[in-house]
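Secondary and tertiary structure notes
Below are the chains, spelled out letter by letter.
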Amino acid sequence: MNKIDSTIAFAWVAYLGVIVYLTGEIGAVVIPLAAIMMVPLIVLMSTLSKRDKKESLANMMTSSDETEKRKRKRIDAMIRDMSDDELYELRQRLQDGSFDDEVFYDQVVGDDGEFVRRQ
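None of the values given here were measured: they were computed from a predicted structure. (Residues numbered from 1 in each chain as written. Predicted model: local features only at pLDDT ≥ 70, side-chain atom pairs only at ≥ 80, totals over all residues. Heavy atoms only, no water.)

**Some remarks on the overall build of the protein chain**
When its secondary structure is counted, the protein chain shows four helices and zero strands. Ordered by position from the N terminus, the helices and strands of the protein chain form the series α-α-α-α. Per-residue burial for the protein chain yields a buried fraction of 13% across its 119 residues. For the protein chain, long-range pairs separated by at least 24 residues make up 44% of all intrachain contacts whose partners lie at least 6 apart in sequence. Accessible surface for the protein chain amounts to roughly 9,700 Å². Of this, 60% is attributable to carbon and sulfur atoms. (Helix = DSSP H or I, 4+ residues; strand = E, 2+ residues; numbered from the N terminus. Buried < 20%, exposed > 50% of the residue type's maximum accessible area, 1.4 Å probe, protein only. Contact = heavy atoms within 4.5 Å. Areas by Shrake-Rupley, 256 points an atom, 1.4 Å probe, with all protein chains shown as cover.)

Structure below.
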């Protein structure tokens, strides 16, 4: 349970505790009082939920950006490590547009999806 969920749970338990206590003290008058007290609790719950969703969306965007940066760095490193002949061959394949996925996966991509060099 994250911090927001525990705050909401605590607020509802406190609300119910106050209602139960007041029922013993003031009787049936507690019913309209309970309805009035519920409004700020629902507003609090809505506000916290929206904030939590915004934070999780921001975290997902940051994570996605970091993944893209890692991919770019790996591709840059792979291209830097290529010989002139390999770069020329890559350039020719990209210009021709005749790119065979089977050859690519057999020669460049390992079983775990990582780039490898097979001769």
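**Points about the environment of Arg-51**
Residue position: Arg-51 is located in helix H2 (residues 30-81). Classification of Arg-51 by relative accessible area gives partly exposed; the value is 45%. Spatially, the C-alpha atoms of Arg-51 and Ile-4 are 9.1 Å apart, while their sequence positions differ by 47 residues.

**Concerning the nonpolar core**
Generally speaking, a soluble globular protein has its nonpolar side chains buried in company with each other. Counting residues in each nonpolar core, the largest one holds seven residues, listed as Ala-11, Tyr-15, Ile-19, Leu-22, Val-30, Ala-34 and Leu-41. Looking at this core, the elements that each hand over two or more residues are helix H1 (3-26) and H2. The dominant element in this core, judged by the number of residues it contributes, is H1, at four residues. Setting aside residues no more than four positions away along its own chain, Val-30 makes contact with Ile-19, Leu-22 and Thr-23. (Core = buried A, V, L, I, M, F, W, Y, C linked by side-chain atoms within 4.5 Å.)

**Details of the packing of aromatic side chains**
Scanning the entire structure with this criterion turns up one aromatic pair. Between the aromatic rings of Trp-12 and Tyr-15, the centroid separation amounts to 5.6 Å while the plane-to-plane angle is 85 degrees, which identifies the pairing as edge-to-face. Separated by three residues within a single helix, Trp-12 and Tyr-15 lie in helix H1, roughly one turn from each other. The class of Tyr-15 is buried, set by a relative accessible area of 10%. (Phe/Tyr/Trp six-rings, centres within 6.5 Å; stacked < 30°, edge-to-face > 60°.)

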